[in-house]
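What follows is each chain in one-letter form.
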Amino acid sequence: MKKIVTTTLLLASFFAFSQSKTIDQKVDALLKQMTLEEKIGQLNQYNDDSKATGPITVDNDKASQIRNGQVGSLLNCLGTERTRSWQKLAMESRLKIPLLFGQDVIHGYKTTFPVPLGEAASWDLEAIQKAARIAAVEASASGIHWTFAPMVDIARDPRWGRVMEGAGEDPYLGSLIAKARVIGFQGEKLGGIDAVMACVKHFAAYGAAVGGRDYNSVDMSERMLWEIYLPPFKAALDAGAATFMNSFNDLNGIPATGNKYLQRDILKGKWGFKGFVVSDWGSIGEMQNHGYAKDGKEAAYLAITAGSDMDMESRCYKNNLEALLKEKRIDIQLVDDAVKRILRKKFELGLFDDPYRFCNPEREKAALNNPEHTKAAREIGAKSIVLLKNDSNVLPLSKDTKTIAFIGPLVKEYKQNMGFWDVDLPGVDYEKLVVSQWDGLQNKVGKNTKLLYAKGCEIEGDNKDGFAEAVKIASQADVVIMSIGEKRDMSGEAKSRSNIHVPGVQEELVKAIQATGKPVVVLINTGRPLIFNYTADNVPAILYTWWLGTEAGNSIADVLFGDVNPGGKLPMTFPREVGQIPIYYNHFNTGRPAKNDTDLNYTSAYIDLSISPKFPFGFGLSYTTFQYSDLKLSKKKMKNNETIEVTANITNTGKYGGEEVVQLYLRDKFGSVVRPIKELKGFEKIKLNVGETKTVKFVIDNQKLSFYNDKLEFKSEPGDFDVMIGSSSEDIRLKEDFELLN
Ligand code: GLC
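Keep in mind that what you see is a predicted model, and the values were worked out from it rather than measured.

## Considering the sheet that holds strand 2 (residues 73-75)
Moving on, step 1. Read across the open sheet, the 5 strands follow the order 4-3-2-1-10; overall the sheet is parallel. The sheet is open, and its two edges are formed by strand 4 (146-147) and strand 10 (311-312), each paired on a single side.
Moving on, step 2. Sheet analysis places strand 2 next to strand 3 (residues 100-103), joined by 3 bridges and oriented parallel. Bridge pairing in strand 3 places L75 opposite G102.

Pasting the structure below:
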């Protein structure tokens, strides 16, 4: 038997080698036939004429450029019909090199899932991967080869609108989610009819923009870059991500698009990345605004030498690479390398065998109307909801409640529930595609329950004319549900806010409703951590509902009425005030840590505000309670090459079955550089029936104890460590210590 297995493995690896060798041979053979203009054409990506996701340049000869082989890819081109029409033009070109169609399929194509930060709050890697898989099935059925996702930017500043697009503040959680999303998008392997290329973005450190202001500068130590911001990119690369996208920001004085250290030394060098890098929209040309390139030609020179392979929308490559070659400022090898990287992906996707393989209208129709996709969206929507408060167990509501008032500016909204970065499909009737929160409530309650509605106020503005009506219907109800928050386009790209309070007079409306004395449940809809201190301090029940996508109303109703017990945990720290930002859980201790909020005697604290967050990283309640016990370590001393097994028992001590994310935090007590007071190094999301106990197990190895020292060596150091098991980064239930020996 062993002999057969070995032979099979040998044949398989030979076939794989010969297969990949075949692709490389095909790429080399094609490259030899290409003119310089055709080579440069492959590095050129244009936006389709439909919707733009950046400042557009209009050119009227796109069709002839494609016919002449001067375009390698289009973005924002949707549907089998439209992509087929452009691909046909490419098939009229001399070498018939197919176009790549790229799209921001960030949290779903037609079936839309929670915004990624909301999805991250589920801490459910399987569900997150499944959502990306469904997005890929729908997108690939609609002519899309390539999604500009996952966005893996670590973000510690909720003023930055793009926090909605990532997985929050933690490198460990962010790395696992990045991997899940890449595998979801790319499926078993590229070339599958329902696989799309992932594009890991934005490389790198875009989330650390000064002031949380989008596109702003980033300046940080290399150690911080390697310790906090790079891990999710490496995790995505290790998961097989086909492409990367660079970022708009300058990093330590050098724009990412022209940053050789990032793209050549790290990505293509140390990490050995064989895919290709696409610039973010116009970022090559924007090096002129940065004051890093004096003109488009200089920008093209800096970008191609720094390892940017494809030029999204700036036209710097198209307009300047030939001159740079003629002037011998660059070698053709730079261009050939970029072209080969792109061609290799087109071969791997099977586009040379059949350029129209993703353009099957029947398949598109079936994929975009699959009830299994809808069901999955409803499930992960409910899993993404975080229960922030539930005093006197106002929740779950009874389906027999006689009268329910549903109040707020988001109750009857449809498209708002999609959040930012939905794929704006043409001709969609959002009242059919999206389950509003009002629809969800109607779908859930029995015919004996009377539903009352009032908008109360707008999302923005100071008009309170609707308060009286809202108070009136609240007074007639047994329980009041309120739905407040941002507009969906108040978080997202170029949506930084200097003030992240719930906008307008919505919290005043909450106060007016609260004054009726009725039990109130508040839903908060947004793509970022918001500040809502009045609501948090005065309302008995709060659900953070993010933007949950096409099944929003049903997901929310499932949780409101207990068909789903909420188990979400915050992937970002929630500040009390903007003045606390940046605030994150894995901070250093400083030389003068404050013991508590009153310890202000020469300590690192504010004299006017607590330094603790409003809601900590990893926080989320349940309708039930969980008891943590019996923390055990397999040993108290470990050598570098050993491991420690950590076990603990978790018991459901409440009245509802539910899921709990059991979190493992470690603290390296002393180091050659200061170390965070705690770091997430493991978690397990477990389901427990009432009264049930499960043992969770974590394995501590040298990798979990290692960090980048001041020489940028990734290694552990002997010494004392704390092991903490908790229900959040601040709700530590069990603690032990151990020693790492030399
Ligand atoms: C945008 C975004 C990027 C997106 C690209 C194409 O400016 O920064 O994330 O993928 O352009 O839409």
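What follows picks up the thread again.
## Looking at the UniProt feature "domain: Fibronectin type III-like" (unreviewed entry) in the protein
Moving on, step 1. This chain's UniProt record puts "domain: Fibronectin type III-like" (unreviewed entry) on residues 660-729.
Moving on, step 2. Annotation note: span residues 660-729, helix share 6%, strand share 56%, distance between end C-alpha atoms 14 Å.

## A look at the nonpolar core
Moving on, step 1. Counting 148 residues, the largest nonpolar core has F203, L321, I407 and F532 as the members making the most contacts within it.
Moving on, step 2. For this core, the element with the most residues is helix 13 (residues 332-348), which contributes 7 residues.
Moving on, step 3. The two domains that each donate at least three residues to this core are domain 1 (2-362) and domain 2 (382-580).
Moving on, step 4. Discounting chain neighbours no more than four positions away, the residues touching F532 are L388, V502, E507, I524, I542, Y544, F574 and F615.
Moving on, step 5. Grouped together as the second largest cluster of nonpolar side chains are 26 residues, W438, V479, L523 and F561 included.

## With respect to helix 10 (residues 260-270)
Because an α-helix completes one turn every 3.6 residues, residues spaced three or four positions apart along the sequence face the same direction.
Moving on, step 1. What helix 10 keeps buried is the set L262, Q263, I266, L267 and K268. Looking straight down helix 10, one finds its buried side chains confined to an arc of 155°; they lie on one side.
Moving on, step 2. The distance from a side-chain oxygen at the start of helix 10 to the backbone nitrogen of Y261 is 3.2 Å, and the residue carrying that oxygen is N259.

## What to know about the environment of Y292
Moving on, step 1. Within the secondary structure layout, Y292 lies in the loop between strand 9 (276-278) and helix 11 (296-306).
Moving on, step 2. What makes Y292 partly exposed here is its relative accessible area of 29%.
Moving on, step 3. A C-alpha to C-alpha distance of 9.5 Å links Y292 and D250, two positions 42 residues apart in sequence.
Moving on, step 4. Non-local contacts of Y292, meaning those with residues more than four positions away in its chain, are made with G253, I254, P255, G258, M287 and L302.

## Some remarks on the side chain of D170
Moving on, step 1. Tracing the backbone through its elements, the reader meets D170 in the loop between strand 4 and helix 7 (171-186).
Moving on, step 2. For the buried residue D170, which engages in no salt bridge, the nearest side chain bearing the opposite charge is R156, 7.5 Å off.
Moving on, step 3. Within polar-contact distance, the side chain of D170 engages the backbone nitrogen of Y172 at 2.9 Å.
Moving on, step 4. At 2.8 Å, the side chain of D170 forms a polar contact with the backbone nitrogen of L173.
Moving on, step 5. If near-sequence neighbours (up to four positions away) are discounted, D170 is found in contact with I154, Y585, N586, F617 and L680.

## A word on the site of the ligand
Moving on, step 1. Taken together, 13 residues form the shell around the ligand, and within it T53, D104, R162, H202 and D280 come nearest.
Moving on, step 2. H202 places a side-chain nitrogen or oxygen 2.6 Å from an oxygen atom of the ligand.
Moving on, step 3. Contact distances for the ligand include 3.0 Å between an oxygen atom and a side-chain N or O atom of E493.
Moving on, step 4. For the ligand, the protein covers 99% of the area, taking 300 Å² as the surface of the free molecule.
Moving on, step 5. Judged by the fraction of its atoms near the pocket grid, the ligand is located in the largest cavity.

## As for empty space enclosed by the protein
Moving on, step 1. Scanning all chains against the criterion turns up 6 cavities of 30 Å³ or more.
Moving on, step 2. Surrounding the largest cavity, 13 residues form its lining, T53, D104, D280, W421 and E493 being those nearest its centre.
Moving on, step 3. Broken down by class, the residue content of the lining of the largest cavity amounts to 6 nonpolar, 2 polar and 5 charged.

## Here's the deal with the pattern of salt bridges
Moving on, step 1. Overall, the coordinates contain 56 salt bridges when judged by the stated rule.
Moving on, step 2. Between D309 and K268 there is a salt bridge, and its shortest N-O distance comes to 2.8 Å. Residue D309 is located in the loop between helix 11 and strand 10, and its partner K268 is located in helix 10; the two are separated by 41 residues in the primary sequence. Assigned by exposure class, D309 and K268 land together as buried.
Moving on, step 3. A salt bridge links D563 to K399; its shortest N-O distance comes to 2.9 Å. Taken together, the positions of D563 in the loop between helix 21 (552-560) and strand 17 (626-633) and K399 in the loop between strand 11 (386-390) and strand 12 (403-407) put the pair 164 residues apart, joining distant regions of the chain.
Moving on, step 4. The class for D563 is partly exposed, based on a relative accessible area of 41%.

## Focus on the packing of helix 8 (residues 222-229) against helix 9 (residues 231-238)
Moving on, step 1. Remark: helix 8 packs on helix 9, axes separated minimally by 6 Å, with the N-to-C direction vectors making an angle of 50°. Relative to helix 9, the element helix 8 is oriented oblique. Residue-level contacts link L225, W226, E227, I228 and Y229 of helix 8 to P231, P232 and F233 of helix 9.
Moving on, step 2. Residues that form the contact of helix 8 with helix 9 fall into these classes: 7 nonpolar, no polar and 1 charged.

## What about the sheet that holds strand 14 (residues 479-485)?
Moving on, step 1. As summarised here, the arrangement of the 6 strands in space is 11-16-15-14-12-13, forming an open sheet in which the pairing is mixed. A single partner strand is all that each edge strand has here, and the edge strands are strand 11 and strand 13 (450-454). Here the strands of the sheet are splayed against their neighbours by 15° on average, with no regard to which way each runs.
Moving on, step 2. Taken together, the 5 bridges between strand 12 and strand 13 define a ladder with parallel strand orientation. When the bridges of strand 13 are listed, F406 appears paired with Y453.

## Describing the state of the cysteines
Moving on, step 1. What the rule picks out here adds up to 0 disulfides.
Moving on, step 2. Here C359 is not disulfide-linked; the sulfur of C77 is the nearest cysteine sulfur, at 8.8 Å.

Scoring rules and cut-offs
- Residues numbered from 1 in each chain as written.
- Predicted model: local features only at pLDDT ≥ 70, side-chain atom pairs only at ≥ 80, totals over all residues.
- Heavy atoms only, no water.
- Pairing = 2+ DSSP bridges.
- Helix = DSSP H or I, 4+ residues; strand = E, 2+ residues; numbered from the N terminus.
- UniProt positions renumbered as here; feature names shortened; annotations may be inferred.
- Core = buried A, V, L, I, M, F, W, Y, C linked by side-chain atoms within 4.5 Å.
- Buried < 20%, exposed > 50% of the residue type's maximum accessible area, 1.4 Å probe, protein only.
- Domains from an automatic or database assignment.
- Contact = heavy atoms within 4.5 Å.
- Arc of directions from axis to C-beta.
- Polar contact = N/O pair within 3.5 Å; in protein donor to acceptor, adjacent residues only side chain to side chain.
- Lys, Arg positive; Asp, Glu negative; His and termini not counted.
- Salt bridge = Lys/Arg side-chain N within 4 Å of Asp/Glu carboxyl O.
- Near = heavy atom within 4 Å.
- Areas by Shrake-Rupley, 256 points an atom, 1.4 Å probe, with all protein chains shown as cover.
- 1 Å grid on protein atoms, 1.4 Å probe; cavity = no way out; pocket = protein on both sides within 12 Å on 5 of 7 lines; lining within 4 Å.
- Sits in = over half its atoms within 2 Å of the grid points.
- Points joined across faces, edges and corners; volume = space filled by probe spheres on them.
- Nonpolar A, V, L, I, M, F, W, Y, C, P; charged D, E, K, R; others polar.
- Axes fitted to C-alpha atoms, helices over the stretch in contact; angles between N-to-C directions.
- Parallel < 35°, antiparallel > 145°, perpendicular 65-115°, else oblique.
- Disulfide = S-S within 2.5 Å.

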